[in-house]
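So you can see what is in the structure, the chains are spelled out below.
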Amino acid sequence: MTVVEAVQGDITTQQVDAIVNAANSSLLGGGGVDGAIHAAAGPELLEECRALRAGRWRDGLPVGEAVATGAGRLPARWVIHTVGPNRHAGQTDPALLASCFTRSLDVAAQVGARSVAFPAVSAGVYGWEAEEVASVAVSAVRDWVSSDPDSLEVVRFVLFGETVFSAFDAELS
Ligand code: APR
């Protein structure tokens, strides 16, 4: 049975098979967790992302989609990049946010990851409330795990700061 948990911390230090990046459609880096992951992974991560943009994701990664790359110098083996809905751009459909979590878990299972760490996608620059992200994320992950209980051992939400952690902890208890 897959363990679904929440911890406070920095996702770049997580000892898991795959960490999920709250990217933007360009896949070419940014601030927030995207910036932290690229900084910790090193330049080869950006090179892999550039290759994705030269190939299948020529027009960028759509909101709600997910794609895996290597993880450079990070402890994880894979980075799974997903693009959350941006409330400031009018992207307020919770199904788009749920898709970030379910597509990332699909990709994790496809590459063979057994443990996955998620940040609070869209809860930063993209302006979604922590409580809503927690509610959408936890139910999306729980639904996915109930439909495929054997693919993953651990799904861990890794939250920056007390407010976001409390929102996820409340959803999980
Ligand atoms: N570990 C875990 N969580 C982190 C870390 C980290 N090292 N750094 C930031 N966070 C948290 C933020 O505090 C927030 O709660 O991740 C959550 C998501 O915030 P953002 O990184 O701003 O992501 P998002 O809201 O999805 O906006 C994505 O921001 O950084 C740019 O390139 C990115 O354009 C994209 C946009």
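Residues numbered from 1 in each chain as written. Predicted model: local features only at pLDDT ≥ 70, side-chain atom pairs only at ≥ 80, totals over all residues. Heavy atoms only, no water.

Looking at this model, I keep getting lost on the overall build of the chain. Mind explaining?
Counting its regular elements, the chain contains five helices and six strands. The helix and strand sequence of the chain, counted from the amino end, reads β-β-α-α-β-β-α-β-α-β-α. The C-alpha radius of gyration computed for the chain amounts to 14 Å, which stays within 12% of the reference 16 Å derived for 173 residues, consistent with globular compactness. Its C-alpha atoms give the chain principal-axis dimensions of roughly 40 × 35 × 30 Å. Burial status across the chain gives 48% buried among its 173 residues. Put simply, of all contacts in the chain between residues at least 6 apart along the chain, 70% involve residues at least 24 apart. Carbon and sulfur atoms provide 50% of the accessible area of the chain, an area that totals close to 7500 Å². Averaged over its 11 positive side-chain charges, the chain has a centre that lies 8 Å from the centre of its 21 negative ones. (Helix = DSSP H or I, 4+ residues; strand = E, 2+ residues; numbered from the N terminus. Rg over C-alpha atoms; globule rule 2.2 N^0.38 Å. Buried < 20%, exposed > 50% of the residue type's maximum accessible area, 1.4 Å probe, protein only. Contact = heavy atoms within 4.5 Å. Areas by Shrake-Rupley, 256 points an atom, 1.4 Å probe, with all protein chains shown as cover. Lys, Arg positive; Asp, Glu negative; His and termini not counted. Charge placed at Lys NZ, Arg CZ, Asp CG, Glu CD.)

Where do I start with the environment of V33 in this structure?
As for its position among the elements, V33 is in helix α1 (residues 32-41). Discounting chain neighbours no more than four positions away, the residues touching V33 are I11, N21, A22 and P119.

What's the story with the sheet that holds strand β4 (residues 78-83) in this structure? I'm lost.
Either a parallel or an antiparallel arrangement is found when strands of a sheet pair, and the pairing is made through backbone hydrogen bonds. Across the sheet, six strands lie side by side as β1-β6-β5-β2-β4-β3; this open sheet has mixed pairing. Strands at the two margins of the open sheet, each flanked by one partner only, are β1 (3-8) and β3 (66-70). This sheet shows a mean twist of 25° between the axes of neighbouring strands, independent of strand direction. Pairing analysis gives two bridges linking strand β2 (residues 18-23) to strand β5 (residues 115-118), with the strands arranged parallel. Paired with A18 across the two strands is V116, which belongs to β5. Along the sheet face, helix α2 (residues 43-54) touches β3 and β4 and points at about 135° away from the line of β3. Running over the sheet, helix α3 (residues 94-111) touches β2, β3, β4, β5 and β6 (154-159) and is turned about 155° from β4. (Pairing = 2+ DSSP bridges. Axes fitted to C-alpha atoms, helices over the stretch in contact; angles between N-to-C directions.)

Would you mind going over the packing of α1 against α2 with me for this structure?
Between two packed helices, the angle of one axis relative to the other and the distance separating the axes together describe the packing. With their axes 5 Å apart at the nearest point, α1 and α2 run at an angle of 115° to one another. Overall, the two elements α1 and α2 adopt an arrangement that is roughly perpendicular. Seen from α1, the contacting residues are I37, H38 and A41; seen from α2, they are P43, E44, L45, L46 and C49. Taken together, the residues that form the contact of α1 with α2 break down as six nonpolar, one polar and one charged. (Parallel < 35°, antiparallel > 145°, perpendicular 65-115°, else oblique. Nonpolar A, V, L, I, M, F, W, Y, C, P; charged D, E, K, R; others polar.)

Any chance you could explain the pattern of salt bridges here in plain terms?
Two side chains carrying opposite charge are able to pair once their charged atoms lie near each other. All told, the structure shown has five salt bridges when counted by the stated rule. Notably, a salt bridge pairs R103 with E65, separated by 3.2 Å at the nearest N-O pair. Here E65 lies in the loop between α2 and β3 and R103 lies in helix α3, a separation of 38 residues in the sequence. Accessibility expressed as a relative area gives 24% for R103, which makes it partly exposed. In this structure, the salt-bridge partner of E132 is R87, at a minimum N-O distance of 3.1 Å. Separated by 45 residues along the polypeptide, E132 in helix α4 (residues 130-147) and R87 in the loop between β4 and α3 bring together distant segments of the chain. On the basis of relative accessibility, which here comes to 29%, the residue R87 falls in the partly exposed class. Each member of the salt-bridge network shares a partner with another, and the members are E65, R103 and D106. (Salt bridge = Lys/Arg side-chain N within 4 Å of Asp/Glu carboxyl O.)

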